Amino acid sequence: MGVAGVIFDVLLALALTWLAWQATRAADLFHAVVSFIVFGLLMALAWVRLEAPDIALAEAAIGAGATGALLLSALDRLASRERRRRLLYEPGAAWGFWIPAGGALLGALTLAAWKLPAPGLGNEVRAALGVSGVEHPVTAVLLNFRALDTLLEIGVLLLAAITIWSLGRAPSPLIPAMPSPALPALGRLLFPVFVLVAAYLLWRGSHAPGGAFPAGAVLGAGAILMLLAGARPWIRSSERGPWRWILSLGLVMLLAAGIAGTLAGQAFFEYPPGTAGPLILLLEVAAGLSIALLLFALYLRGEPCEHGYRGKGR
Amino acid sequence: MIPETAGPVILFSLPLAAAITVFIRPRWSVPVTLGASGVLLAAAVWVVGVVLQQGAWRHDIGGWTAPLGIGWNVDGLSAALLLLTAAVGLAGAVFHASRPAPLATVRDPRFFWPLWLFLWGGLNALFLAADLFNVYVALELVSIASVGLIGLAGGSAQAAAWRYLLATLLGSTIYLFGVALLYGRYAALDLALLTDGVERDGVTAVAAALMTLGLLLKAAVFPLHFWLPAAHGRAPPAVSAVLSAVVIAAGYYLLVRLWFGPFAPLLGTGVATLLGLLGAAAVLWGGLLALLQRRLKMLIAYSTVSQFGYGLLVFPLAAAGAAHPAWTGAVTLVLAHGLAKAALFLAAGAIVLRHGIDRLEALGGDQRGATLAWVAFAIASASLVGLPPTGGFLGKWWLAQAALATGGYFWLAILMVGTGFTAAYLWRALQAAVRPGREAGIDPATLSAALGLAALSLALSAAALGLAAPVLGVLLDAGPGAPG
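1. Quick word on the overall build of chain B
Reasoning step 1: From N to C terminus, chain B includes 19 helices and two strands.
Reasoning step 2: In summary, chain B has a C-alpha radius of gyration of 21 Å against a globular reference of 23 Å for 484 residues, a match within 12%.
Reasoning step 3: If one aligns the C-alpha atoms of chain B with their principal axes, the spans along those axes are about 65 × 55 × 40 Å.
Reasoning step 4: The proportion of buried residues among the 484 residues of chain B is 64%.
Reasoning step 5: Pairs at least 24 apart in sequence give 81% of the contacts found in chain B among residues at least 6 apart.

What follows is the structure, encoded as structure tokens:
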């Protein structure tokens, strides 16, 4: 690594620390939220420097994009400017406990990680890649070697959406006050690009960085952008429509793939010989669709109405 | 189909499949949940039977062996906790389905059932997992489902759910830091591989400290119990039952797995005594506060803080050389506590429904409609106190033997004083039944007998656990986790 790389990494680390401090300690909540979004973008850059482009994509779309939009619209609902000031600012608790405790944790982690041998499992993954059905090691880990983790993670996303729905109806109106008249037009223009990028990432996943999580994240973020640009959310909570099926699709398909292995007399989640490639592509499409829709559902902050958004509903 | 893999596959898949079904078709919720619960109980009994017959076994997911793949590990300890989950899950589902609809405190019952089944699925995944990262994902399922279920009670329960969310996410994150350090050090996440490969060095010590801290927070061990009483005391009754009986036990289960597995070389007298002292403080502090409560459900919630303190006594007793009786005793106590505590919460739920209030002084008077619930309460209390021949007695007996064998008279004294506290606060609750009461509450005819029966079946199971001592001893000896 050249000197320029070292200088860049040090600057990146310093900027991340400063932004994290701003995000947690700024007295003005708007300031804090913007710091958080910039933190997410720089974090994506850090993942690129660590040669983990898959994580960088997901971090940019979810950490900066979807979470940032969620925080901004939550801020929009805090009515007065007075309440935007940090009401939970308790210097006593912060300096008396949280900052020393966090500092001790960081110190212990740094000391422990300083001389970590980090052997990793790269060789094992490469050795088994030939029979995994895909050529990209990250996809092989996520949808073959450790597919059980992925199943449970999609379960966590679906569960989170159900938990948010259980808290009540989605607030109306969902769209924050629009500062720029150009945004709706721009959002509509951009959405096809989001769909295209998501489809490309999904297809790429079998042999290069990409796959269900980044593709779903990009598609979900695009849908949220459409919503911010004034589109009416089309998702319904009605039992009759397809939405609950699509939300559950990823988990359903992963469970089915797992059980199919057992029914075929093999191990749980063991793909029949020669079918791993097509099966993984199928699972990726299902999981990507569900992830995109689940991220969008999380953004609605509540259960959408049964019969259309601003309909009379319950 | 290989017969022994069918049990774990059903236990893992069925709750999740049922959760999706009742999410997509809410009006099928009750029949689907009750049907799935029955099958899950049968599958758990079957898994226990297989472990008793042929000992522990391992299933490699996807046919990939560790360190590349993830494994399921079924041994005596995990089978026992899977069975506890199924028993509490079935009784809780029956209780919740039998509540009189207009009185239901759950605001939106459509979402109770998917959350309930997701919680069950997360717990089963956790007890099966032999992989530290897979455990983390299962913990996330358990945490988020618990938060949603607590919040369903509305009002002040939502604030309690929020505090619980923050506490439990902090615990998960600290646990995950430890997992990452272990992976960076050993390139393995599998419990068995780590148990064979772990060395005593700084990185391992930091990882052990972080993972233990995270799990102590999740198991609500003194002084990290601050979030528990409000969350368990304000949730709907069936939710309180499963949270106190199984969700807390899941944190404790992982502590035992880790310290009798990979971290066993690090379990010196110092660490063991520290954990034991935390347990002793929990027994005394939780017992004292339970004695001071004025609401029935808060009394039972503080009792959970106190009872899990006994579980931590396993560490000093094992470090002193009595690993086997201490381990068997502590696990038995956790199982007996789970059954008895779930019975207490369900009984309390029925009693509170009858009287419309949960202040202790208002629970007297006409007990029609709540008689079965009070009987269940009394039997569960007997087990929690440790009267022979209940499961609570058996666990305390084994723990006391371990203390006597190693000269640990301090720990024996804690056991005795804690038992005194338990008897005192449960007696206070039972006394409320025979006081003259106010003539209020609802018509007893609207209360289904199933409410009391759900509590009674769990209370009787807690009592019968003591009679199953020989079987339980064999079961808990099966597996790599059991100290020989």
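2. Digging into the domain arrangement of chain A
All names here are of chain A.
Reasoning step 1: Domains assigned within chain A are domain 1 (1–79 + 88–114) and domain 2 (135–314).
Reasoning step 2: The C-alpha centroid of domain 2 is placed 26 Å from the C-alpha centroid of domain 1.
Reasoning step 3: With 13 residues of domain 1 at the contact, the number on the domain 2 side is 15 residues.
Reasoning step 4: Grouping the constituent residues of the side of domain 1 that touches domain 2 by class yields eight nonpolar, two polar and three charged.

3. Section: the pairing of strand β2 (residues 71–74) of chain B
Residues and elements named next belong to chain B.
Reasoning step 1: Side-chain alternation along β2 places G71 and N73 on one buried face and W72 and V74 on a second face that is also buried.
Reasoning step 2: Relative to β2, strand β1 (residues 57–60) runs antiparallel, the two being bridged by four bridges. Counterpart to H59 in the pairing with β2 is W72.

4. Description of the interface of chain A and chain B
Reasoning step 1: Across the contact, 46 residues belong to chain A and 47 residues belong to chain B.
Reasoning step 2: Going through the elements one at a time, α5 (91–114), α6 (122–129), α7 (137–145), α8 (147–166) and α11 (243–263) of chain A are the ones with two or more residues in the side of chain A that touches chain B.
Reasoning step 3: Per-element accounting of the side of chain A that touches chain B gives the leading share, 13 residues, to α8(A).
Reasoning step 4: Looking at the side of chain A that touches chain B residue by residue, the class counts come to 29 nonpolar, ten polar and seven charged.

5. What about the confidence of the model for chain A?
Parts of the model with low pLDDT should not have their predicted coordinates read in detail.
Reasoning step 1: Here chain A shows a mean pLDDT of 84. Residues at 70 or above account for 89%.
Reasoning step 2: Contacts from residues 308–314 of chain A, a stretch scored under 50 in pLDDT, to residues over four places away or in other chains number ten contacts.

Scoring rules and cut-offs
- Residues numbered from 1 in each chain as written.
- Chains lettered and ligands numbered in written order.
- Predicted model: local features only at pLDDT ≥ 70, side-chain atom pairs only at ≥ 80, totals over all residues.
- Helix = DSSP H or I, 4+ residues; strand = E, 2+ residues; numbered from the N terminus.
- Rg over C-alpha atoms; globule rule 2.2 N^0.38 Å.
- Buried ≥ 20, exposed ≤ 12 C-beta atoms within 10 Å, placed from the backbone.
- Contact = placed C-beta atoms within 7 Å.
- Domains from an automatic or database assignment.
- Nonpolar A, V, L, I, M, F, W, Y, C, P; charged D, E, K, R; others polar.
- Pairing = 2+ DSSP bridges.
- pLDDT = per-residue confidence, 0-100.

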